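These are the residues of each chain, in order.
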Amino acid sequence: EGKHTQFETKLYHKDGTTSYALINTGPLFDNKGNIIGGVLEAKLIDDLKATEENLRYETMKLRTMFSVLEEGIAFVDKKNKIIEANEFLCNFFGIPQSKLIGKDIEEIYLLSKMKTLIRETIFKFRVKSLSKPLILQRKVKGRDVLLRVQPIYKDGMYEGFLFNMVDVTEFVKAKEMAEAAS
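Reading guide: rules and limits
- Residues numbered from 1 in each chain as written.
- Predicted model: local features only at pLDDT ≥ 70, side-chain atom pairs only at ≥ 80, totals over all residues.
- Heavy atoms only, no water.
- Helix = DSSP H or I, 4+ residues; strand = E, 2+ residues; numbered from the N terminus.
- Expected span 1.5 Å × (residues − 1).
- Buried < 20%, exposed > 50% of the residue type's maximum accessible area, 1.4 Å probe, protein only.
- Arc of directions from axis to C-beta.
- Contact = heavy atoms within 4.5 Å.
- Pairing = 2+ DSSP bridges.
- Axes fitted to C-alpha atoms, helices over the stretch in contact; angles between N-to-C directions.

Enquirer: When you look at helix 4 (residues 115–127) in this model, what are you seeing that I'm missing?
Expert: In an α-helix, one full turn covers 3.6 residues, which means residues spaced three or four apart are oriented alike. Taking 1.5 Å per residue as the helical rise, helix 4 with its 13 residues ought to reach 18 Å, and the 18 Å between its terminal C-alpha atoms agrees with that figure. What helix 4 keeps buried is the set Ile118, Thr121, Ile122 and Phe125. One side of helix 4 holds all its buried residues, which, seen down the axis, span an arc of 95 degrees. Every exposed residue of helix 4 that faces more than 90 degrees away from the buried side is listed here: Thr116, Phe123 and Val127. Buried residues along helix 4 sit in contact with strand 6 (134–140), strand 7 (143–154) and strand 8 (157–167).

Enquirer: For this particular structure, what's the right way to read the pairing of strand 6?
Expert: Each regular strand shows side chains that alternate between the opposite faces of the sheet. Pairing of strand 6 with strand 7, which is carried by seven bridges, proceeds in the antiparallel orientation. Looking across to strand 7, one finds that Val140 is bridged to Arg143. Between strand 6 and strand 7, which pair antiparallel one after the other, the connecting turn spans two residues, and Lys141 there sits at a positive phi close to 55 degrees.

Enquirer: I tried to follow the sheet that holds strand 7 on my own but got confused; where do I start?
Expert: Across a sheet, strands are paired by hydrogen bonds formed along the backbone, either parallel or antiparallel in direction. Pairing within the open sheet is antiparallel, and its five strands lie in the order 5-4-8-7-6. The open sheet has two free edges, formed respectively by strand 5 (82–85) and strand 6, since each of these has just one partner strand. Direction aside, the axes of adjacent strands within the sheet are offset by 20 degrees on average. For strand 7 and strand 8, the ladder comprises ten bridges, and the chain directions are antiparallel. Note that in strand 8 the partner of Val149 across the bridge is Phe163. Seen against the sheet, helix 5 (residues 169–181) touches strand 6, strand 7 and strand 8 and runs at an angle of roughly 130 degrees to strand 7.

Enquirer: Explain the sheet that holds strand 1 (residues 5–12) to me, please; I cannot follow it from the model alone.
Expert: Strand order in the open sheet formed by three strands is 1-2-3, and the pairing between neighbours is antiparallel. Both outer strands of the open sheet, strand 1 and strand 3 (35–44), are each paired with one neighbouring strand and no more. On average, each strand axis in the sheet is tilted by 30 degrees relative to the strand beside it, whichever way the strands run. Of the pairings in the sheet, the one linking strand 1 to strand 2 (residues 18–29) comprises eight bridges and is antiparallel in character. Pairing of Glu8 across the sheet is with Leu22, part of strand 2.

Structure follows, in structure tokens:
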């Protein structure tokens, strides 16, 4: 039949060290399509494997930081779909993460009063590369929150945005108390 295959393997050396290789194999055909032999190619990929491991470790660290932040964060793709949301944001909106991921940002009911502003901001992000973020303070669910909508660009092209929400209720109350006392 003669199939091409590709796989990674761990190589064990006489001195006790190991390395990784990417193996490619395939048939060698004559002019009539008959298999007359095979080809084997091996390429050492130790640097690639080390980079993959470092990336896994760094990703784990970022996910841990992301999940324990005391502020809401969501990453929204260029189609306005939420692709990542942390626990704080999910708890604040009372929506399980499994139901929030994949949802259009405009479908979040509590943000519906800001729908026009968010749409205009996203449109600006799309048409004007390197646009400034939208930052505003609003009451949401009876809490004072600071909202930030930060565009994400890759090579000058719009890729989506970071939605960040910080509960500043205690700060606002303290400010109001200080102002009332003076």
